Every structure is written in structure tokens, then in C-alpha cells.
Amino acid sequence: MKKETYYITTPIYYVNALPHIGHAYTTIIADAAARYQRDILKKETLFLTGTDENSQKNVEAAEETGQPTASYVDAMSKQWEETWNELKIENDVFIRTTSENHKKSVEAFFKRVWEKGDIYKGTYEGLYCIGCEEFYSEADAVDGACPVHKRKLELLKEENYFFKLSKYREPLLKYIQENPQFVVPVTKRNEVVSYIEKFMEDVSISRQSMEWGIPVPTDDSQVLYVWFDALINYLSGIGFGADEEKFNTFWPANAHLIGKDILKFHAALWPAMLMSAGLPLPKQVIAHGYFTVDGEKMSKSLGNVINPIAAAERHGVEALRYYLLSAIPFGNDGDVSMEKFEKIYESDLKNGIGNLVSRVLSMVEKYCDAKVPKRTGENYFSFRPAGTLVVDVIDNFAFSDLIKRINEAISNVNTCINVEEPWKLEKEGKHERVEGILCESLEQIRSIAWALYPIMPETAKKIWTQLGLNSEDELKKNIGSIWTDDVLVCGQVIHKGDILFT
Ligand code: MSP
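About the thresholds
- Residues numbered from 1 in each chain as written.
- Predicted model: local features only at pLDDT ≥ 70, side-chain atom pairs only at ≥ 80, totals over all residues.
- Heavy atoms only, no water.
- Helix = DSSP H or I, 4+ residues; strand = E, 2+ residues; numbered from the N terminus.
- Rg over C-alpha atoms; globule rule 2.2 N^0.38 Å.
- Buried < 20%, exposed > 50% of the residue type's maximum accessible area, 1.4 Å probe, protein only.
- Areas by Shrake-Rupley, 256 points an atom, 1.4 Å probe, with all protein chains shown as cover.
- Lys, Arg positive; Asp, Glu negative; His and termini not counted.
- Charge placed at Lys NZ, Arg CZ, Asp CG, Glu CD.
- Pairing = 2+ DSSP bridges.
- Near = heavy atom within 4 Å.
- Polar contact = N/O pair within 3.5 Å; in protein donor to acceptor, adjacent residues only side chain to side chain.
- Nonpolar A, V, L, I, M, F, W, Y, C, P; charged D, E, K, R; others polar.

Here we come to the overall build of the protein chain. Along the protein chain, the regular secondary structure elements total 19 helices and 17 strands. For the protein chain, the C-alpha radius of gyration of 26 Å lies close to 23 Å, the compact-globule estimate for 502 residues. The dimensions of the protein chain, computed from C-alpha atoms along their principal axes, are 90 × 50 × 40 Å. Counting across all 502 residues of the protein chain, residues that qualify as buried make up 57%. Counting every atom, the protein chain has about 21,400 Å² of accessible surface; 49% of that belongs to carbon and sulfur. When the 57 basic and 74 acidic side-chain charges of the protein chain are each reduced to a single mean position, those positions are 3 Å apart.

Examined bridge by bridge, strand E5 (residues 119-129) and strand E7 (residues 154-163) share 10 bridges and lie antiparallel to one another. In the strand pairing of E7, Glu125 is matched with Lys157. Strand direction decides the pairing type here: E5 and strand E6 (residues 134-136), joined by three bridges, are antiparallel. For Leu127, the partnering residue across the bridge sits in E6 and is Tyr136. As consecutive antiparallel partners, E5 and E6 are separated by four residues, and within that stretch Glu133 has a phi angle of approximately 55°, a positive value.

Attention now moves to the sheet that holds strand E11 (residues 215-216). Spatially, E10-E12-E11 is the arrangement adopted by the three strands of the open sheet, whose pairing is antiparallel. Bordering the open sheet on either side are strand E10 (206-207) and E11, each of which pairs with just one other strand. By the bridge criterion, two bridges tie E10 to strand E12 (residues 219-224) in an arrangement that is antiparallel. From the neighbouring strand, Arg207 faces E12, where its bridge partner is Val223.

Here we take up the site of the ligand. Close to the ligand lie 24 residues, the nearest being Ile12, Thr26, Asp52, Asp261 and Phe291. Within the side chain of Asp52, an N or O atom sits 2.7 Å from a nitrogen atom of the ligand. At 3.0 Å from an oxygen atom of the ligand is found a main-chain nitrogen or oxygen belonging to Gly259. Every element with two or more residues in the shell around the ligand is listed here: strand E2 (13-14), helix H1 (21-40), helix H7 (226-231), helix H8 (233-236) and strand E13 (255-259). A per-class count over the shell around the ligand returns 13 nonpolar, nine polar and two charged.

On to unusual backbone geometry. Residue Pro185 follows Val184 across a cis peptide bond; omega there is -5°. Positionally, Pro185 belongs in the loop between strand E8 (183-184) and helix H6 (186-199). For the peptide bond that leads from Trp251 to Pro252, omega is 5°, which places it in the cis range. Non-glycine residue Lys88 carries a positive phi angle of around 60°. Tracing the backbone through its elements, the reader meets Lys88 in the loop between helix H3 (69-86) and strand E4 (93-96). The class of Lys88 is partly exposed, set by a relative accessible area of 29%. Within the chain, Phe397 stands out as a residue other than glycine whose phi angle is a positive 65°.

Below you can see the structure in the form of C-alpha cells.
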């Protein structure tokens, strides 16, 4: 039987600077979601990320370093890729928009839109911010400057090619109405609808005055507007125009995960481009909120940017992944800091999961000869294993809620042990009851490790190993629709190892 597929993407990032923890946030969420789909639900999963290289921002950054743009973007793109490797991001595709295969896909896509009659030549006159790679109206400008980057907006007057975006206003509104899950969370959907209703005008998709970029296929005196080329990465990365089989296997994407800043590009321009090209729309655009530092946006000029590799140094990459996903409720904005990271490390990881694993395994060593004890038939725990409680939250990308549930499960197991007091029961000669309680505790821990796996894969494997399981075999198991109970075999030797979090 053909395996169900799952295709998830992050935005492709500009390479005018190195990644900060905001970029890491998006990428780690996507990685956790991909691991859940690939390793737990056993779907054929494709996870794409990459770099957006045809931007004027990159040209300016290269000029600052005195390097030619091409070698600058090569070197920077490599550094982005290395950062993701260090953060244990398991992407299947790393797309670069200066690659030849991307260019070919863009040409094939342009041809479709051109043949549809949705591209025309016109004069563009207006204000532009290179920082955002976006047009602004006089009304949006603050003292003639970009409200986001505070840099002076440039007046552009050019003969450009335009895309008939406004033609897709009604079809898109209808589509969003009929597919309420297309843009989530709901607040973001409302924002998009209001943008489409009020502002969705035709858009210039080429630049006459710039040289860096993909030439307009019908007129090489101009290059394509960077957003028009960048969005097509979601197709070129899976072989559009080159590998039809791969493309048809994965398109339409299941999830475009993005930050709220680039919502209208993904939920208005992109679907309109796809409608014009006669291609199906992605199933979902999911927008998350923004990290701030002391209430301020992170930026190079403010000097408040947190580098993810530096942040991971003290407690390791997995702890950082956990912290970032717990830091703000999904969809909201919120402050992050190294102090908060320290607190979460202590409370959730060291005193939470780490302590529970060590405590239960110590008792199994002491009272049960370091072997998985037998079930008594009685249920000492009135709650279900953590793993079974997390499906709905992961389906909604709500990893902060997943973490809450994991912590609830840890606290439930601890409470049960504290109430039962196995150390007293043992003294009173009630050994069978001690066995039953510890057996259930071990099963709960095994399940908590499954829930933790998408966020902290190595930690989950370490826990399974300590429970006496082969972690690779555990991962290969098709554990049914989700997690099952009673997998540990009575008599199996546990291996209490090093403390998980020191
Ligand atoms: N190149 C475009 C995207 C093109 S996609 C076809 C772009 N790149 S970017 O480098 O500026 O990255 C923007 C993305 O980085 C945001 O959408 C978001 O996913 C992430 N973040 C950047 N700063 C962030 C925070 N402070 N907090 C959370 N996410 C942040 O836009």
C-alpha cells in the first residue's frame, strides 16, 4: 500500500546575516513536526528549508564585506546549513535560490503564468524598502522611512512586469471561506481576509534597476522580484519542472510554517500565483508569533540578537530546542532570555523529567533487581500515558501545549509515587504492590519519552535505552495509530545510566 505523504516547509532565509533564535524557532518547530510525522506516524515525510539568495539585502551585505555577491551567498548559505545541522534539524531538502534547478523551475512556473495572460507590462512608481523587500504607501511610511527597518524608503519609478494579483481576489476569498483551516491561527486568517479585501492590488514582479537575481524569462533586461522567485522554492525543492514523479508525490504541501511577518506573501500572493499557474494550493499556512528581547524586536543594530549555537553551549542543543518551543504559547509573541532558559532547564529538565527517570530507575534497581517488574493486574495510575494525550496539540503545532502536557504527566507520576510511597510498602512486605507501581511508572516514562521525542530525540533515545529497550528498534515500531500501553517485557534488565541533565 502507498504510504501517506507529508510535506512541510520553513520560509527560506535571507543570508544577509547569520541565524538567530527567531529563525531557529521556526526551523525547530518544523523539525519537530516532521519527526512526528516521519518517525511516529510513519508517513513518507519531506521537510524543506533553505536560503533566499536573490535579495538586494544580500547584495548590500556582500558589499559591506567587500566580497562578490556570489561568493558571499555561497559562504553564508553554508553557515546556515551548518547551524541547522548543529541544532539537529533533519531536513530532507536544503534549497538555494541561486541554484540552477531552482532557476529552471522558476522559468517553468513563469511560463505558465505568462501563458495564462496574467503578466503585463506597466509603470511602477512608489516607495520601496529593501530591508523588507516590499512596497509601501505614503500612509505607511513614518517620516519617509520604513516602519519596520526605520531606513529611508526609496522612490522607485520603473517599467516593470506586473502580476494580475487582483484578478484572484474573489477566488481566494471563496477558497479561504470554504477551507477555514487554510490559514491558522484564526486571528491570522482574519488579518489575511481583511488584506485581500482591501489591499490586494496587482503587484510588480520585476526590477529594471537591479542586476542580482533571476532574469525575467521573456526579457533579460530585468530580474524577477525576489518574492516572486522565492515562493517558487516550495516547488523547485521537490522537482517542479524536472522530476514530475517526486513533485506529484509531495505537492500540494501539507504545511507552510512561517512567522507572522510574511503572512500576506504566503496566504495571498502565493495562492494567487498557484491559481494562475493551475496548480493546487498548499493545505495549510501556519503563522507563529515573534520572539522579543526585553520587549524589543531582535535586530543587528540593537545588538540584542541571540545566536542559537552560543545559547546552546551551556546546556546543549536539545535543552535549547525544548526551551525555545516552550518559550511562548504558539501564535503569540513573547520575550525570551538566557535567564528564562536557565529556569526552565532547572525546573522542567533537571528537576522534572531527569529526576523522575533517575528516581524510578533507582527504585527498580533497589526493589526489583534492576529488572522490569510484573504487572499485578491492578491499575495504580488513574491517568493515561502521556503519549496518548498529545496528538491534538501536535496536529496544531502547539508545541508549547505539548510541553505542558508532558510536565503534567511527569507531575502525575510523581504524585502517584509520593502517595503510594513504595519505600514504605516494601518495608511492610507489600512487594507485589511495589512491583505494580514501578511497572506502571516505567510504562509512563516510556510514553513520556515518545511525547518528548520530536523535540528532544537523543534524550528520548537515552530514556528508552535506560529502560532496557533498543532505541532504534523502539523507533522502528509501528506503534499503531499512536502510542500503545504495555510494551515493556517483564524481566527485561534496565540500564540506569548517567543522569540525563546535570
Ligand atoms: N526570505 C524571506 C522568506 C521567503 S519564504 C518564500 C524572509 N526571510 S527572513 O530571513 O527574514 O526570515 C523570516 C522568518 O524568520 C520569519 O517568517 C520567521 O519564521 C523567522 N523569524 C525571524 N525573526 C523572528 C523572531 N524574532 N521570532 C520568531 N521568528 C522569527 O522573510
